[in-house]
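Chains, contacts and geometry: an overview
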Amino acid sequence: DALFMVPPVYADMAAATDDNKYLTFMDHEWDITAALLYDPTKHLYFRDASYLDKHEKNGEPLFWSRGNGWVMGGIVRVLQKLPADSPLRPKYVALLKEMAAEMLTIQGKDGLWRPGLLDADAYLLPEISGSAFVTYALAYGVNERILDRATYWPAVEKAWAGMLTHVFADGRLGSIQPVGAEPGAYTETSSYVYGVGAYLLAGSEIYRTAK
């Protein structure tokens, strides 16, 4: 979640002060984090250093969907704040493309992503907060012509349709994992504000296209 919340603040500071030292610092700190936690073969982030040697039941590395959703949302926020001519932009565009391509290959038949990204069969339920952040990033990528519409928009539509099946008659959004650091226990009726917030971000990006 730090990659979602903190880097855009430094980008805002650069704009507010007209001083690029904040962008330089943001990029430097992102590089340190990525060097430790980003798997360049899986194109996914570990939650933190304590997860580098943790694995799913099928032997795959443990990559938490909400953790990677936070990162993809953070990339979006950084791209929204970076000046159009920033020399940093191509790096974050490339990262969004890499992660988006991976997410496309592991999207569930219901359009959603499981709590652990590389062992979907080990989880009974999709996880809405992670799925919503990913959907938000994919929709943004399409809207900004970073991602190919013909390839990615069907995945966005499928994900949105999948999330709608977890909205209850009273408006509550379910299948959201509680606060945690890795895939954890929850039920179809579990609902938390950060999942709803991610769902609204995804919906706002989809609505931007619908207009």
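Presented here is an overview of the structure given in this document. (Residues numbered from 1 in each chain as written. Predicted model: local features only at pLDDT ≥ 70, side-chain atom pairs only at ≥ 80, totals over all residues. Heavy atoms only, no water.)

Examining the overall build of the chain
Put simply, the test is: Counting from the N terminus, the helices are DSSP H or I runs at least four residues long and the strands are E runs at least two residues long. As a reference, a globule follows 2.2 Å times the number of residues to the power 0.38, and the radius of gyration itself is taken over C-alpha atoms. Each residue is placed in one exposure class: buried if its accessible area under a 1.4 Å probe, protein chains only, is under 20% of its type's maximum, exposed if it is over 50%, and partly exposed if it falls in between. We call two residues in contact whenever any of their non-hydrogen atoms come within 4.5 Å of each other. The Shrake-Rupley method, run with a 1.4 Å probe sphere, supplies the accessible areas, and residue values consider only the shown protein chains as cover. This count recognises Lys and Arg as positive and Asp and Glu as negative, with His and chain-terminal groups excluded. Each charge is placed at NZ for Lys, CZ for Arg, CG for Asp and CD for Glu.
A tally of helices and strands in the chain yields seven helices and two strands. Counting from the amino terminus, the chain carries its helices and strands in the arrangement α-α-β-β-α-α-α-α-α. Here the C-alpha radius of gyration of the chain, 17 Å, is about what a compact globule of 211 residues would show, namely 17 Å. Judged by the C-alpha coordinates and their principal axes, the chain covers about 50 × 45 × 30 Å. Here the chain holds 211 residues, and the buried ones make up 50% of them. Sequence-distant contacts in the chain: of pairs separated by 6 or more residues, those separated by 24 or more amount to 61%. Looking at the chain as shown, the accessible area adds up to about 10100 Å², and 57% of this sits on carbon and sulfur atoms. When the 19 positive and 26 negative side-chain charges of the chain are each reduced to one mean point, those points stand 5 Å apart.

Examining the nonpolar core
This is how it is decided: Here, the term nonpolar core denotes a set of buried Ala, Val, Leu, Ile, Met, Phe, Trp, Tyr and Cys residues that are joined through side-chain atoms within 4.5 Å.
Trp30, Tyr45, Met72, Ile75, Tyr92 and Leu138 are the most contacted members of the largest nonpolar core, which totals 60 residues. Among the elements of the structure, α1 (2-17), α2 (21-37), β2 (44-45), α3 (65-81), α4 (89-105), α5 (128-143), α6 (149-164) and α7 (193-210) are those that each provide at least two residues to this core. A per-element tally of this core places α5 first, with 10 residues. Those residues in contact with Tyr92 that sit more than four places away from it in its chain are Met26, Asp27, Trp30, Ile75, Val78, Leu79 and Leu82.

Nothing here speaks to function; it is geometry throughout.
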